[in-house]
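# Tertiary structure, described
If you want the building blocks of each chain, they are given just below.
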Amino acid sequence: MSYVNHTILVVDNDQDQAHFTKLALQRVGVITPVQSARDGEEAIGYLSGRGTFQDRECYPMPVLMLLDLKLPHISGVGLLSWLREQPALKRLPVVVLTTQVPPVDLNRAYELGCNSFLFKPNSFNALLVMMQNLVQYWLGLNVAPELAAHHQAQEHSGTSI
Amino acid sequence: MDMEQAEQLYRLMFTNMREALAVLRLEARNPEVPPQVIEMNPAAVKLCRCKSFNFNNCVVTDCFPEWFDPDRFKDYCHRLAAFGGSLELGEVSRDNLFYRVRIFALTDNHIGMVISDCTRYREEEAEIADLTAKLEKEASTMDRRVAERTAQLEEINEELDTFAFSVSHDLRAPIRAMQAFAEILLDDELQTPAERNAYLVRIKNAAQGMDRLIQDLLAYSRVSRQEITLEPVHLDQVVHDAALQLELAEGGTSYRLETASNLPTVIGHHAVLVQVVLNLMTNGIKFVPKGAVPVLRIWTDESQEYCRLYVEDNGIGIAPQHQERIFKIFERLHSMESYPGTGVGLAIVRKAVQRLGGRIGLVSNEGEGSRFWIELRRAE
């Protein structure tokens, strides 16, 4: 099965890991180009459609965000809490896909409304299996919420997270 | 024993007692009349302040002026005479001595009174109270020290936990990358030679990154564990040596270094301080906007006891809310692409300064450069 018009946004500071995730998603049939952001600021820029991200042809609103919690500056948890405060974006399904974090961060992520929580496997083959399941469920079975697509997201004050 | 002899002995006993004894008489039919002293032993006479004592109609409150409340004393006596028994009246102090007074019924109109000197007892009590207070104080100091030590240990444990966690995270990241790249290369026939090459380069980079991380971790552990003997150290020499090492390490990069001369002597450890200053310099040079030439300024500022060494840069600065984080191990404010590094350098600096018994801090704002300082005890 292949998935078209299913933009996924991968937020990961580790470029190698982002590459693996993208590659694995492509291999399990995600045809729409997988978008990526290197850190919290870039993800906020993308989601709020700022700067070059205004062009929604090239940078469509995602239907799913894959989020690594280990980000510089604004942490993954910080980004998640920002997202859930944005009227236009707060329903966006978020799957945390992260390296090992302390339990406190895991619980915090759920409190802030992440929809699923996955630890990155060490092996690429394991990642392939995981991504296979993930797209089958989140892009296939799951019914996506409506997002207020053209609504300008609330300005981010930048320093509070 | 015949009556006469017994009488004599009772008399002697009464006379020779060290405690003051007195016999009081009451008017049983007229409770308004105050008790009168009809007999006293010599010890009681000594205490008596009554000039006209005549063993007949002397009022107790005249013999012992202001020892007792006259009305209450009278009431007590009448009650004892009626119902029998004895009564402690408490303590009275006169001329730095303490007396304890007790009265008891003799007949239905006679009362006995005993006045004993309890000064020594009081002194002992005071001494015991003193000792108890001292003990309590020591116990509370001990309690506080135990609490402090427990808090310290808890902090160290927590630090160790985060340390182990970060180490495993940051060391595993490159391993995971290497494994995944290798898997992709092994499994896949579809890649172009250029892609294969790019993957191999990334495996190599991951290995190099891991090596750097291990080197830094070893440096951190060395600084945390090595025996450090504190001795006078010339800061001039420290800054000079650090500058030399910086030149070697940063061979390619251009930067400007302005160092004040005649820096003072502090209490520290030469090699450790060179490492500290070198790390601060490297840090200052690294975090500059793209294209800018880094400028480092180094100077000191002395008070009577302490000396502060400043390392100032013209870099990108650090927002106040991140200033505590930067000293934590593996803490990185920027992505690998913009400013590469392991996130151990400043953690080494802080740990080293702690080991030298000094303090560290910084003044900075985003976009305005940073001024790090370390504070050490002066040598003289």
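Residues numbered from 1 in each chain as written. Chains lettered and ligands numbered in written order. Predicted model: local features only at pLDDT ≥ 70, side-chain atom pairs only at ≥ 80, totals over all residues. Heavy atoms only, no water.

## Overview of the sheet that holds strand β2 (residues 35-37) of chain A
Residue and element names in this part refer to chain A. In spatial order, the strands read β2-β1-β3-β4-β5; together these five strands make up an open sheet with parallel pairing. Looking at strand neighbours, the two that pair on one side only are β2 and β5 (116-119), the edges of this open sheet. With direction set aside, neighbouring strand axes in the sheet form an average angle of 20°. Taken together, the four bridges between strand β4 (residues 94-98) and β5 define a ladder with parallel strand orientation. Bridged to Leu 97 within β5 is Leu 118. Across the sheet, helix α3 (residues 76-83) is in contact with β1 (8-11), β3 (64-67) and β4; its angle to β3 comes to roughly 155°. (Pairing = 2+ DSSP bridges. Helix = DSSP H or I, 4+ residues; strand = E, 2+ residues; numbered from the N terminus. Axes fitted to C-alpha atoms, helices over the stretch in contact; angles between N-to-C directions. Contact = heavy atoms within 4.5 Å.)

## Points about the sheet that holds strand β12 (residues 359-364) of chain B
Residues and elements named next belong to chain B. The sheet built from five strands is open, its strands ordered β8-β10-β11-β13-β12 with mixed pairing. A strand with exactly one partner marks an edge of an open sheet, and here the two such strands are β8 (256-259) and β12. In this sheet, neighbouring strand axes are inclined to one another by 20° on average, regardless of whether the strands run parallel or antiparallel. Across four bridges, the pairing between β8 and strand β10 (residues 295-302) is parallel.

## Focus: the interface of chain A and chain B
The interface is formed by 24 residues belonging to chain A together with 26 residues belonging to chain B. The tally of links between chain A and chain B comes to one salt bridge. For A:Asp16, the salt bridge identified is with B:Arg202, shortest N-O distance 2.7 Å. Along the contact surface separating chain A from chain B lie seven residue pairs in polar contact (both at pLDDT 80 or more). Only α1 (15-27) and α5 (124-141) of chain A provide two or more residues apiece to the side of chain A that touches chain B. Considering every element that reaches the side of chain A that touches chain B, the biggest residue donor is α1(A), with seven residues. (Salt bridge = Lys/Arg side-chain N within 4 Å of Asp/Glu carboxyl O. Polar contact = N/O pair within 3.5 Å; in protein donor to acceptor, adjacent residues only side chain to side chain.)

## As for the layout of surface pockets
Residue and element names in this part refer to chain B. Of the voids in this model, the second largest pocket is the one considered here, and its volume is about 850 Å³. Lining the second largest pocket are 37 residues, and of these Thr 282, Asn 283, Lys 286, Phe 287 and Gly 345 lie nearest its centre. Within the residue set of the lining of the second largest pocket, elements represented by two or more residues are α6 (193-225), α7 (235-249), α8 (270-286), α9 (345-355) and β13 (370-377). The element that contributes the greatest number of residues to the lining of the second largest pocket is α8, accounting for seven residues. Split by residue class, the lining of the second largest pocket holds 14 nonpolar, 15 polar and eight charged. (1 Å grid on protein atoms, 1.4 Å probe; cavity = no way out; pocket = protein on both sides within 12 Å on 5 of 7 lines; lining within 4 Å. Points joined across faces, edges and corners; volume = space filled by probe spheres on them. Nonpolar A, V, L, I, M, F, W, Y, C, P; charged D, E, K, R; others polar.)

## Brief notes about α3(A)
Residues and elements named next belong to chain A. Of all the eight residues making up α3, eight are buried; the element is thus mostly covered by neighbouring parts of the structure. Gly 76, Val 77, Gly 78, Leu 79, Leu 80, Ser 81, Trp 82 and Leu 83 are the residues of α3 that are buried. Buried residues belonging to α3 abut β1, α2 (40-48), β3, β4 and α4 (103-111). (Buried < 20%, exposed > 50% of the residue type's maximum accessible area, 1.4 Å probe, protein only.)

## Observations regarding the pairing of β13(B)
All names here are of chain B. β13 sits mainly inside the fold: six of its eight residues count as buried. Sheet topology places strand β11 (residues 306-313) next to β13; seven bridges connect them, and they run antiparallel. Within β13, the residue paired with Tyr 306 across the bridge is Arg 377. Pairing of β12 with β13, which is carried by six bridges, proceeds in the antiparallel orientation. Directly across from Ile 360, in β13, lies its bridge partner Ile 374. Count of turn residues in the β12/β13 antiparallel hairpin: five residues, of which Gly 367 carries a positive phi of about 80°.

## Notes on the packing of aromatic side chains
Per the stated rule, a full pass over the model turns up 15 aromatic pairs over all chains. Taken together, a centroid distance of 5.8 Å and an interplanar angle of 80° make the contact between A:Tyr46 and A:Tyr59 edge-to-face. One end of the pair, A:Tyr46, is in helix α2; the other, A:Tyr59, is in the loop between α2 and β3, and 13 residues separate them in sequence. Accessibility expressed as a relative area gives 1% for A:Tyr46, which makes it buried. The partly exposed category is assigned to A:Tyr59, whose relative accessible area is 26%. One residue, B:Arg122, lies across the ring of B:Phe98, its end atom 4.2 Å from the ring centre. Against the face of B:Trp299 rests B:Arg297, its NZ or CZ located 4.5 Å from the ring centre. (Phe/Tyr/Trp six-rings, centres within 6.5 Å; stacked < 30°, edge-to-face > 60°. Lys NZ or Arg CZ within 6 Å of the ring centre and 35° of its normal.)

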